[in-house]
Structures are given as C-alpha cells and as structure tokens.
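Coordinate inspection notes
Next come the chains, spelled out residue by residue.
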Amino acid sequence: MRGVAFSKDCLTGMDETVTHLAQQLLDHGLGCLTDRDRRIVMHIAKHIHVGRPIDDSLTGKQSFGERLADRVAQLGGSWGFIIAFTGLLIAWVVLNTVLLSRFAGGFDPYPYIFLNLILSMVAALQAPVILMSQNRQAARDRIAASLDYKVNLKAEIEIMSLHDKLDRIRLEYLETLILD
C-alpha cells in the first residue's frame, strides 16, 4: 500500500502531463495536431527513423539552371576567381596603357570605358545567379532545420519514455524492499 502511494507522489507531474496529452489525443485524435506533428507521431508509433541526408533528397531534383547557379556561385566566391580576375584586370591595364598605347593608342585608353562596361555586365549577370544559389541554400537550411526538429523531438520523446521505464523499475525495486 505504501509503495503505491509512493509511486503516485513520485510521478505526479509527469503523469499529469502525459495523461493530459493522452486524453487530448483520445478526445480529438490526431486532428488537433499540425501536419508535421502528426507525421512525427506516426513515425514514433511505427518506430521509423526520421533523420535522412538532406543532399540526397535535393540532388536528384536539381535542374540544369540550378546546378549552373550553384557552380557559378561556388566559382565566383573563391580565391581562385579573385586572383584570376585581378590578373585579368592588371593584364588589361598593362596591355592598353603600356603596350598598345605606343603603337595605336590602345583599343581601350585610360578611362577604360570598355572595361567598365564589361565589369558592369559581369556584375549584372553574376549577382542574380548568386542570389538564386543563396535562395537554394536557404531552402536546404529550412529542410535541415525541419529534419533536426523532427529528430530532436523524437529523441526527447524516447528519452522521456526511458525515464518512465527507469522510474517504473526503481519503484518496483523500492516496493520489493518495502514489502520484504
């Protein structure tokens, strides 16, 4: 008799929360949950793993334009691109100012108007492509955050289940001590 009273005192807070949730699910079913929470509950009930690699689900769905945008953003944000582009600019200035100015005045003399046009066009084309790639990365991040949430929620529920099992084992052991 004492062991039963002890178990009620020990698990009251957890029991009330679990009982309330169970009663809510029994009264309203899964309809009271969001779609994401419903899927998580079903995964838990069926003992299905909720974690999966993000890149596997996105790689096969990429169009040619999306793959190209990712490559351009990867190339445009690298030191190799910066060094090569700087070398190209220095070569342009040296070619037009030093070498060609002696013979024919150069095809793009000092104010480098043609060079400015080319740089503006590169920036105008590169910026939207990089933005497209960043939008795709943001979508990947949202999927990763959603998967992390599902995994963390399932882990939390499993940990709570283990706590309940350990509490039951401890109570059974204490009951056997008290009754003996």
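Preceding this paragraph is the structure being described.
Reading guide: rules and limits
Residues numbered from 1 in each chain as written. Predicted model: local features only at pLDDT ≥ 70, side-chain atom pairs only at ≥ 80, totals over all residues. Heavy atoms only, no water. Helix = DSSP H or I, 4+ residues; strand = E, 2+ residues; numbered from the N terminus. Buried < 20%, exposed > 50% of the residue type's maximum accessible area, 1.4 Å probe, protein only. Contact = heavy atoms within 4.5 Å. Axes fitted to C-alpha atoms, helices over the stretch in contact; angles between N-to-C directions. Parallel < 35°, antiparallel > 145°, perpendicular 65-115°, else oblique. Left-handed = near helix turned anticlockwise from the far one by under 90°. Expected span 1.5 Å × (residues − 1). Nonpolar A, V, L, I, M, F, W, Y, C, P; charged D, E, K, R; others polar. Salt bridge = Lys/Arg side-chain N within 4 Å of Asp/Glu carboxyl O. Phe/Tyr/Trp six-rings, centres within 6.5 Å; stacked < 30°, edge-to-face > 60°.

Let's talk about the overall build of the protein chain
A tally of regular secondary structure across the protein chain gives 7 helices and 0 strands. Ordered by position from the N terminus, the helices and strands of the protein chain form the series α-α-α-α-α-α-α. The 180 residues of the protein chain split such that 16% are buried. Across the protein chain, the fraction of contacts at a sequence separation of at least 24, relative to all contacts at a separation of at least 6, is 67%.

Some details on the packing of helix 6 (residues 79–103) against helix 7 (residues 113–179)
Taken N-terminus to C-terminus, the directions of helix 6 and helix 7 make an angle of 160 degrees; their axes are 11 Å apart at the nearest point. With respect to their mutual orientation, helix 6 and helix 7 come out roughly antiparallel. In terms of crossing hand, the pair formed by helix 6 and helix 7 is right-handed. Judged by residue contacts, Phe-81, Phe-85, Leu-89 and Trp-92 of helix 6 engage Phe-114, Leu-115, Ile-118, Leu-119 and Gln-126 from helix 7.

So, helix 7
The end-to-end C-alpha distance of helix 7 is 96 Å, a good match for the 99 Å that 67 residues give at a rise of 1.5 Å each. Looking at helix 7, one finds that the buried residues are Leu-115, Gln-126, Val-129, Ser-133, Arg-136, Arg-140, Ala-144, Leu-147, Lys-150, Lys-154, Asp-167 and Leu-171.

Thoughts on the packing of helix 5 (residues 64–76) against helix 7
At their nearest, the axes of helix 5 and helix 7 sit 8 Å apart, and the two run at 105 degrees to each other. By the angle between their axes, helix 5 is roughly perpendicular relative to helix 7. Listed contacts from helix 7 to Glu-66, Ala-69, Asp-70, Val-72, Ala-73 and Gly-76 of helix 5 are Gln-126, Val-129, Ile-130, Met-132, Ser-133, Arg-136 and Arg-140. Considering only residue class, the contact of helix 5 with helix 7 consists of 6 nonpolar, 3 polar and 4 charged.

As for the pattern of salt bridges
Within this structure, the stated rule accounts for 4 salt bridges. Asp-70 serves as the salt-bridge partner of Arg-136, at 3.1 Å between the closest nitrogen and oxygen. On the criterion of sequence distance, the pair formed by Arg-136 in helix 7 and Asp-70 in helix 5 is long-range, its members being 66 residues apart. Accessibility assignment for this pair places Arg-136 and Asp-70 in one class, buried. Two residues, Arg-170 and Asp-167, come together in a salt bridge whose shortest N-O distance is 3.5 Å. Linking Arg-170 with Asp-167, this pair stays in helix 7, spanning 3 residues, or about one helical turn. For Arg-170, a relative accessible area of 39% translates into the label partly exposed. A relative accessible area of 18% places Asp-167 in the buried class. Through salt bridges that share partners, Glu-66, Asp-70, Arg-136 and Arg-140 make up one connected network.

Side note on the packing of aromatic side chains
Within this structure, the stated rule accounts for 3 aromatic pairs. On the basis of an interplanar angle of 20 degrees and a centroid distance of 5.4 Å, the ring pair of Phe-81 and Phe-85 is categorised as stacked. Of this pair, Phe-81 and Phe-85 are both found in helix 6, 4 residues apart, which corresponds to roughly one turn of the helix. For Phe-81, a relative accessible area of 23% translates into the label partly exposed. Looking at Phe-85, the relative accessible area reads 25%, which means it is partly exposed. In textbook terms, an aromatic cluster arises when at least three aromatic residues are bridged by ring pairs, as seen for Trp-92, Phe-107 and Phe-114.

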